Amino acid sequence: NPAQVGLGVKLAAITTDFGQGKTQNTGRALDFMIQGDGFFRVAAPGATFGGVGGNDVTGGGEQYTRAGNFSFDSQGYLVTTKGQYVLGTLATTGNVGRLQVDPATTAAINVDAAGAVSAVSAAGVTTAIGTVSLAKFANAPGLERLGDNLYRASNNSGAAVNGAPGGAAGHGTLVPGALEMSNVDLALEFTNMIIAQRGFQANSRVITTSDQMLQELVDIKR
């Protein structure tokens, strides 16, 4: 092949870094952090529910997130900041569905590292609600980004492998009362930016020098 000038570069891919972020303790009972691999499973908008109690997932698909700042809505369902239902294994049926407490009787919530959620009444009676379910993927960076810290499975990510926190499938454990912060190292990113700037400057100087040499050749010809 003949020698060519200015082959240039192009963007090959954008990869999401799902490395573990730092722990921020909040002391809030409904803040969950995943220590290790996995994503929280949430019902996609338009999902349908049925079965005993009307909480078993019957259709509509799932989405995934590592943002664990959850809350209970007015009906006692555990939801994300966008109001999507957090999915888990229900204690009453053993099926996957939305986790619900009785707002009228629940005084406190207990969540352990294995994801077991229980409601405590004002009289001190503990009722098992279910277990938060996690999903992991063979190629997590291949998930399709939806915005608002939400992702959807794709052909690149592979199918979701669902399981309980800390279970045999290799999912991470839950850290109640804490949130996962950004995994970005600002010092490293600034260093990489400076290196990229210096590399761009060096390449620009090479182009300038090459142009000057070609100009001198033209002048000699004249």
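Just so it is clear, the model here is predicted, and its values are computed rather than measured.

## Brief notes about unusual backbone geometry
Of note, the phi angle at Asp148 is positive, near 55 degrees, even though the residue is not glycine. Relative to the helices and strands, Asp148 is located in the loop between strand S15 (144–147) and strand S16 (150–152). Residue classification places Asp148 among the exposed residues on the basis of a relative accessible area of 55%. Although it is not a glycine, Asn149 adopts a positive phi angle of roughly 65 degrees. On the secondary structure map, Asn149 appears in the loop between S15 and S16.

## What about the nonpolar core?
By size, the foremost hydrophobic cluster in this structure holds 20 residues, and its most contacted members are Phe32, Phe40, Leu78, Leu99, Ile109, Val117 and Val132. For this core, the secondary-structure elements that each account for two or more residues are strand S2 (32–35), strand S3 (39–43), strand S11 (106–111), strand S12 (116–121) and strand S13 (126–132). Residue contacts for Ile109: discarding those within four places in its chain leaves Ala29, Leu30, Phe72, Val101, Val117, Ser118 and Ala119. One finds Phe39, Tyr64, Phe137 and Tyr151 within the second-largest nonpolar core, a separate group that totals 7 residues.

## Some thoughts on the pattern of salt bridges
Using the criterion set out here, one finds 6 salt bridges in the structure. For Glu144, the salt bridge goes to Arg152, with nearest N and O atoms at 2.9 Å.

## Remarks on the pairing of strand S9 (residues 87–90)
Bridge count between S9 and strand S10 (residues 96–98): 3 bridges; the pairing is antiparallel. The partner of Thr89 across the bridge, within S10, is Val96. As consecutive antiparallel partners, S9 and S10 are separated by 5 residues, and within that stretch Gly94 has a phi angle of approximately 80 degrees, a positive value.

## Points about the environment of Leu30
Tracing the chain through its elements places Leu30 in the loop between strand S1 (23–25) and S2. Given the relative accessible area of 11%, Leu30 is considered buried. Taking the C-alpha atoms as reference, Leu30 lies 7.9 Å from Gly68; in sequence the two are 38 residues apart. When near neighbours in sequence (up to four residues on either side) are disregarded, Leu30 contacts Gly68, Asn69, Phe70, Ser71, Phe72, Leu78 and Ile109.

Rules behind the numbers
Residues numbered from 1 in each chain as written. Predicted model: local features only at pLDDT ≥ 70, side-chain atom pairs only at ≥ 80, totals over all residues. Heavy atoms only, no water. Helix = DSSP H or I, 4+ residues; strand = E, 2+ residues; numbered from the N terminus. Buried < 20%, exposed > 50% of the residue type's maximum accessible area, 1.4 Å probe, protein only. Core = buried A, V, L, I, M, F, W, Y, C linked by side-chain atoms within 4.5 Å. Contact = heavy atoms within 4.5 Å. Salt bridge = Lys/Arg side-chain N within 4 Å of Asp/Glu carboxyl O. Pairing = 2+ DSSP bridges.

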